[in-house]
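A look at the structure
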Amino acid sequence: MAVVCFIVAGFLVGGVIQLVRSGATKFSVGLVGVLAALAVAGGVAWMLPGGS
């Protein structure tokens with residue numbers, strides 16, 4: 001499942017790059033960037049040992 005989170009994060013980072021290139025609003029760039037960061041954090045948290 002962690003791999004899926006990293007794949008989603010990759011797509012979102014690509015989306016951020018495209019949004020910046022197309023001159024989108026800072027809000028939309030920031031929103032997609034935050035979602036990318038959350039996907040990376042979720043992937044890292046999924047890889048951590050412990051839990052159930």
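Details of the structure are given in the entry above.
These notes cover the structure that comes with them. Nothing here was measured: the structure is a model prediction, and the numbers come from that model. Numbering of residues starts from 1 in each chain and follows the order in which that chain's sequence is written. Residues qualify for local features only when their pLDDT is at least 70, as the model is predicted, and side-chain atom pairs are given and counted only at 80 or more; totals for whole chains, interfaces and linings, by contrast, use all residues. The basis for the side-chain values is all heavy atoms of the structure; hydrogens and waters are excluded.

Let us look at the overall build of the protein. Along its length, the protein carries 2 helices and 0 strands. Here the radius of gyration uses the C-alpha set of atoms, whereas the globule reference equals 2.2 Å times the residue count to the power 0.38. Against the globule reference of 10 Å for 52 residues, the protein gives a C-alpha radius of gyration of 13 Å, more extended than a compact globule. Each principal axis of the C-alpha distribution contributes one length, and for the protein these read about 45 × 15 × 10 Å. Here the protein holds 52 residues, and the buried ones make up 17% of them. Strands are runs of DSSP state E lasting at least 2 residues, helices are runs of H or I lasting at least 4, and numbering of each runs from the N terminus. Buried, partly exposed and exposed residues are distinguished by accessible area as a fraction of the type maximum, computed with a 1.4 Å probe on protein chains only: under 20%, between the cut-offs, and over 50%, respectively.

Here an axis means a line fitted to C-alpha atoms, over the contact stretch when the element is a helix, while the angle between two N-to-C directions is reported on a 0 to 180 degree scale. For the pair helix 1 (residues 2-22) and helix 2 (residues 26-47), the least separation of the axes is 8 Å and the interaxial angle reads 160 degrees. In terms of orientation, helix 1 lies roughly antiparallel with respect to helix 2. Crossing of helix 1 over helix 2 shows left-handed handedness. Partitioned by chemical class, the residues of the contact of helix 1 with helix 2 number 19 nonpolar, 4 polar and no charged. The scheme is simple: roughly parallel for angles under 35 degrees, roughly antiparallel for over 145, roughly perpendicular for 65 to 115, oblique for anything else. Two helices crossing with the near one rotated counterclockwise from the far one by less than a right angle form a left-handed crossing, whereas a clockwise rotation gives a right-handed crossing. Each residue receives one of three labels: charged for Asp, Glu, Lys and Arg, nonpolar for Ala, Val, Leu, Ile, Met, Phe, Trp, Tyr, Cys and Pro, and polar for the others, Gly being one of them.

A separate point is the environment of alanine 36. Note that alanine 36 resides in helix 2. The class for alanine 36 is buried, based on a relative accessible area of 5%. Each C-alpha atom, one on alanine 36 and one on alanine 9, is 4.7 Å from the other, the two residues being 27 residues apart in sequence. Working rule for contacts: check all heavy atoms of both residues, and any pair within 4.5 Å makes them a contact. Beyond its immediate chain neighbours, meaning those up to four positions away, alanine 36 contacts Ala9, Leu12 and Val13.

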